[in-house]
Structure formats: C-alpha cells, structure tokens
Amino acid sequence: MRIIIKSIFAIENADLLFCIDSTLESNSEIKKARADFEAFKETKEQSFASLLPSIGLSISRSKVEQERSDGVGLKLDQNYITESDAISLRQPIYRPKLLKDHEKIKQQVLAEELLLLNKENVLKMKVIQTYLRLLKSYEERMLTEKRIDLLEEEKRAAIKSIDAGRGTITELAEIDAAKDKAVADLIRAKQGVKLELNELNFYTGEKIISIKKFDRNKNDFALLGNLSLEDWEDRAVKGNYEILSKREQISAAKKALQSAKYDRHPTVDLNIQLSRGSSESTFFVNSQTKSQSIGLTFFLPIYQGGSINSKIRQTASSLDAEIEGLRFQEEDLRRRVQKTYYGLQDSIELSGSLKSAVKSAMVQLEANRKSATAGIRKQLDILVSQQNLLRVERELIDNNLNVILFWLNLNMLSSSVDRSTIEKTTKYFK
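Residues numbered from 1 in each chain as written. Predicted model: local features only at pLDDT ≥ 70, side-chain atom pairs only at ≥ 80, totals over all residues. Heavy atoms only, no water.

Each helix and strand in the protein chain was counted, giving nine helices and four strands. The linear arrangement of helices and strands in the protein chain, starting from the amino end, is α-α-β-β-α-α-α-α-β-β-α-α-α. A globule of 430 residues ought to have a C-alpha radius of gyration of about 22 Å, yet the protein chain, at 39 Å, is considerably larger. Seen along its three principal axes, the alpha-carbon backbone of the protein chain occupies a region of about 150 × 45 × 35 Å. (Helix = DSSP H or I, 4+ residues; strand = E, 2+ residues; numbered from the N terminus. Rg over C-alpha atoms; globule rule 2.2 N^0.38 Å.)

Its location among the elements puts Lys-100 in helix H3 (residues 96-164). With residues up to four places along the chain from it excluded, the contact list for Lys-100 reads Lys-255, Gln-258, Ser-259 and Tyr-262. (Contact = heavy atoms within 4.5 Å.)

Here four strands make up an open sheet; going across it, the order is S1-S2-S3-S4 and the pairing antiparallel. Looking at the sheet topology across the chains shown, the edges are occupied by strand S1 (54-69) and strand S4 (287-299). Each strand axis lies, on average, 15° off the axis of its neighbour in the sheet, ignoring direction. Bridge count between S1 and strand S2 (residues 75-94): 16 bridges; the pairing is antiparallel. Bridged to Gln-66 within S2 is Gln-78. (Pairing = 2+ DSSP bridges. Axes fitted to C-alpha atoms, helices over the stretch in contact; angles between N-to-C directions.)

What follows covers the environment of Thr-23. Counting through the fold element by element, Thr-23 comes out in helix H1 (residues 16-26). Look at Thr-23 and you get buried, because its relative accessible area is 1%. Placed 172 residues apart in sequence, Thr-23 and Leu-195 show a C-alpha to C-alpha distance of 18 Å. Residues within four places of Thr-23 in sequence aside, it is in contact with Ile-30, Leu-123, Val-127, Tyr-203 and Thr-204. Engagement of the side chain of Thr-23 in a polar contact is seen with the backbone oxygen of Tyr-203, the distance being 3.5 Å. (Buried < 20%, exposed > 50% of the residue type's maximum accessible area, 1.4 Å probe, protein only. Polar contact = N/O pair within 3.5 Å; in protein donor to acceptor, adjacent residues only side chain to side chain.)

With that settled, consider the environment of Val-417. Its location among the elements puts Val-417 in the loop between helix H8 (379-413) and helix H9 (419-426). It is 47 Å that separates the C-alpha atoms of Val-417 and Glu-154, two residues lying 263 residues apart in sequence. Apart from residues lying up to four places away in sequence, Val-417 is in contact with Asn-121, Lys-124, Ile-128, Leu-408, Asn-411, Met-412 and Ile-422.

Another aspect to go through is the pattern of salt bridges. Tallying each qualifying case throughout the model produces 31 salt bridges. Note that Asp-85 is salt-bridged to Arg-61, the shortest N-O span being 2.8 Å. Linking Asp-85 in strand S2 with Arg-61 in strand S1, this pair joins segments that are 24 residues apart in sequence. Judged by its relative accessible area of 16%, Asp-85 is buried. The partner of Lys-246 in a salt bridge is Glu-322, with the nearest N and O atoms 3.2 Å apart. (Salt bridge = Lys/Arg side-chain N within 4 Å of Asp/Glu carboxyl O.)

Core analysis: the biggest nonpolar cluster contains 63 residues, and Ile-208 and Ile-211 have the highest contact counts within it. Put simply, the parts of the chain that give this core at least two residues each are H1, helix H2 (28-49), H3, helix H4 (169-204), helix H5 (229-239), helix H6 (241-261), helix H7 (307-373) and H8. Broken down by element, this core gets its largest block of residues, 13 residues, from H3. Not counting residues up to four positions away in its chain, the partners in contact with Ile-211 are Asn-13, Ala-14, Tyr-131, Leu-134, Leu-135, Tyr-138 and Leu-200. Listed in part, the nine residues of the second largest apolar core include Ile-148, Leu-151, Leu-172 and Ile-175. (Core = buried A, V, L, I, M, F, W, Y, C linked by side-chain atoms within 4.5 Å.)

What follows deals with the packing of aromatic side chains. Taken as a whole and assessed by the stated rule, the structure comprises four aromatic pairs. Considering the side-chain rings of Tyr-131 and Phe-429, the 5.7 Å spacing of their centres and the 50° angle between planes classify their relative orientation as tilted. Placement of Tyr-131 in helix H3 and of Phe-429 in the segment after H9 is noted, with a sequence separation of 298 residues between them. Grouping residues by exposure puts Tyr-131 and Phe-429 together as buried. Plain terms: the ring middles of Tyr-341 and Tyr-342 are 5.9 Å apart, the flat faces sit at 65° to each other, and that makes the pair edge-to-face. We classify Tyr-342 as partly exposed; its relative accessible area is 45%. The ring of Tyr-138 is capped by Lys-213, whose NZ or CZ atom sits 4.5 Å from the centre of that ring. (Phe/Tyr/Trp six-rings, centres within 6.5 Å; stacked < 30°, edge-to-face > 60°. Lys NZ or Arg CZ within 6 Å of the ring centre and 35° of its normal.)

On to the packing of H3 against H6. Direction vectors running N to C along H3 and H6 enclose 165°, while the axes themselves pass 8 Å from each other. Taken together, the axis directions place H3 and H6 in an arrangement best described as roughly antiparallel. Considering how the two elements wind past one another, H3 and H6 form a crossing that is left-handed. Of the residues assigned to the contact of H3 with H6, the class counts are nine nonpolar, nine polar and eight charged. (Parallel < 35°, antiparallel > 145°, perpendicular 65-115°, else oblique. Left-handed = near helix turned anticlockwise from the far one by under 90°. Nonpolar A, V, L, I, M, F, W, Y, C, P; charged D, E, K, R; others polar.)

Time to look at the packing of H1 against H4. Put simply, H1 and H4 touch, their axes get as near as 7 Å, and they point 50° apart. When the axis of H1 is compared with that of H4, the two are oblique. The residues of H4 that touch H1, namely those facing Cys-19, Ser-22, Thr-23 and Ser-26, are Leu-200, Tyr-203 and Thr-204. Among the residues forming the contact of H1 with H4, the class breakdown is three nonpolar, four polar and no charged.

So, on to H2. Its 22 residues give H2 an end-to-end C-alpha distance of 32 Å, which sits within 8% of 32 Å, the value for a rise of 1.5 Å per residue. Every buried residue of H2 is listed here: Ile-30, Ala-33, Phe-37 and Ser-47. For H2, the arc enclosing every buried residue in end-on projection is 75°, short of the 170-degree limit, so these residues lie on one face. Among the exposed residues of H2, those pointing more than 90 degrees away from its buried face are Ser-28, Lys-32, Ala-39 and Gln-46. Taken together, the buried residues of H2 touch H1 and H3. (Expected span 1.5 Å × (residues − 1). Arc of directions from axis to C-beta.)

If you want it as structure tokens, here you go:
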C-alpha cells in the first residue's frame, strides 16, 4: 500500500486508487476493525502460554507476639519473626485439551483475519460506488449543460424562422419551456455532484474538489468480459474471504469438539518447589527449615453431573450449524456471481447497441436540422431529436459505468479487489 500523506490543500483530479488508499489509511470504521482484530489475536498468545511452565515466587514475613502459661503457673512470653520463602514450578505434561484449545484459537484468529480483509474489501467497494456515482453526476451535469446550449441555439433559429415567416410563437414557447426544465435539471445535477463529493470526502478524509472524468473514447470492454461464468464461480468459491473464514471457523469447531471430548481424559502435571522457612517455639529457638519437592499431579474426572457429555453434544451441534452455514453461503455466493455476471454480459452487449443508437440519433438530428432549414421540418422536430440524442448518450454513459461496476463487483465476490484490479479500470478515466 502506498503511504498517504494528508494534504491541507484541495485535491483536484483525484484518481480511484488515491481515494481507496486514503480511505484505508484514515477511515475510523476500518481502524476500529483492525484494533479489534489485534485485541482478539492476543488470545492465541494466551492459549500458547497455557502450554508453558508457570513459575511463581512467594515471600512471607510475619511478626509473632506469643504469651504462654501452663497449669503450674509458669509463664513464657515469646516475640519472634517467621519467614517463609518458596519458588514453585508447574508444567503441564499430559493435557491434550490445552493443545486442542490452542489449535482452535489459531483457526479462529485466521478466520477473524479473513473477515478483516473482507471488511476492507467492502469499504473499497463503498468508495468505488461513490466514485462511479460521482462520475455519473458529472456526466449528467455535462449533458444538461449541452442540452441548454442546444436549446439556446434552437431558440435563435426559431426566432429567425419567425422573422422569415416560417416559424410560430408556439415553437418558441416550447423551446423556452424545455430550457426552463433543463435549467432546473442542471441545478439538481450540480447538487448531485456536491453530495457525492461530500460522501467521497467523508470516506477519504481528504478535501477533494474533483476526480478524473470518464473517458468516452475508451469503450472497449472485451477484456472485462473474457472470463466465463464457471471461471468466476470457481474464483469466488476458492477466494472469497467470507467463505474462507467460514471454513476456518469449521476447522475451529472441529478442534473445539475434540477439545470437549478430552475433558474425559486424565491430566498430569509436573510440580517442583523449593522452600525455606524460619520460626521459633518453646522447644526450638531460631529454627530453620529447607525443603525441596518434585512430583506429579494426576487428576481423572469421574463424575461431573453429565456436564461433559452436554458440552460435547453442544459443540457437535455448533459444528453442524457451521457446516450448514457454509453450504448456504456458497449457494448464495454462486447466485450473486451469476446475477452479477449476467448483468456484466448484458451491459457489454448493450454498449455496442447504444453506440450505434447514438450515431443514428446524431444522423437524425442533422437531417432534421437540414429539413428545418429547407422549411420541411419544424423547430419542434429538432427539439425532439435533440432530446432523443441526449437520452441515448445518457444511457450509453450509465451503461458503460455499469460495466465497470459489475466487473468490480465480480472481483469483490472473489475477494480480488486489489491494486492490479483497480488499475485495470483507471484506463477508462482521464
């Protein structure tokens, strides 16, 4: 990942990679997810520590004031200090449950890491969708401005036609009405640009005032549609982070079941202790003791009220639930891949048809202009042709941006929204 340095200045012509990198660097949502993962990852170290020896040191000092008397009236007072020092070591020797618990935690940490990567991909897609919506808003604003310019041109032509005795006031009124509507549409388009820019700034934490525009000359999408449905399904099932995480969770559930069964097994621990103590009594003055001990602790569970069998059944049911959850997720993933794939193919095919439709609409507009000059057509015919051309151009732009979005969604489903994937889409922007 590139190192992003926050700028105090406004940023112009920001590209998609910059927006994504800035978001991953500064977004509070993903920062929280990373911190949560780092906290959870510590459980792996804690479980490993349970396999290692535990060593403890104990130091005790006590002041004793003692008064003694017997039946014959003898009294004896004693004041002394007792000392007790000990160092102990406990090492699990046979505890298979601890080992399985550690293996389970490792699987769970890996599952959480995959979910973190998936959260990053989801955030990337939010930025991408905002970026593409902003591009659509730019194109809508541009087309509306073009529409106003054309209406101004047609208004001048209508006035000339009226002066020449060929036009009517009705035509002029129709053009004025269309222009008023276009001005209102332009206000909405500009507002849409502001809203999407604000959304993008929210994600990136930067002050972006413009992004790269859509390059209309780059409309060859053959490279984006070169994989088959089977290829995309295979990539998704093998690479999707949510699916991979679920598989790791199933592995962890299997380890948990084995761990629960080991609750029936005995445990053996090694115990070593070195201790020293000193005290006084009526018969011993300044007595000291030193002891060393080494031994094994054996424990075998015999009866615990059926809790062990209950935990085993509970863990087995949880494992079954995880397996069925994986099957459901794989089926749902395949359905989403198919829906997105067909949307991509339809949009690629529609792109060619819309390009032809744009050419036809331009030819129709030019023919109506010539006919109007010759007095065969009216200015309203030109107005209708203009609206048709702009409508087809808008459909073409929306469709081409949808091609990019469908393709990126397919990569999202296969968890491959990486730098190389995003860079392939930047050639469509300028």
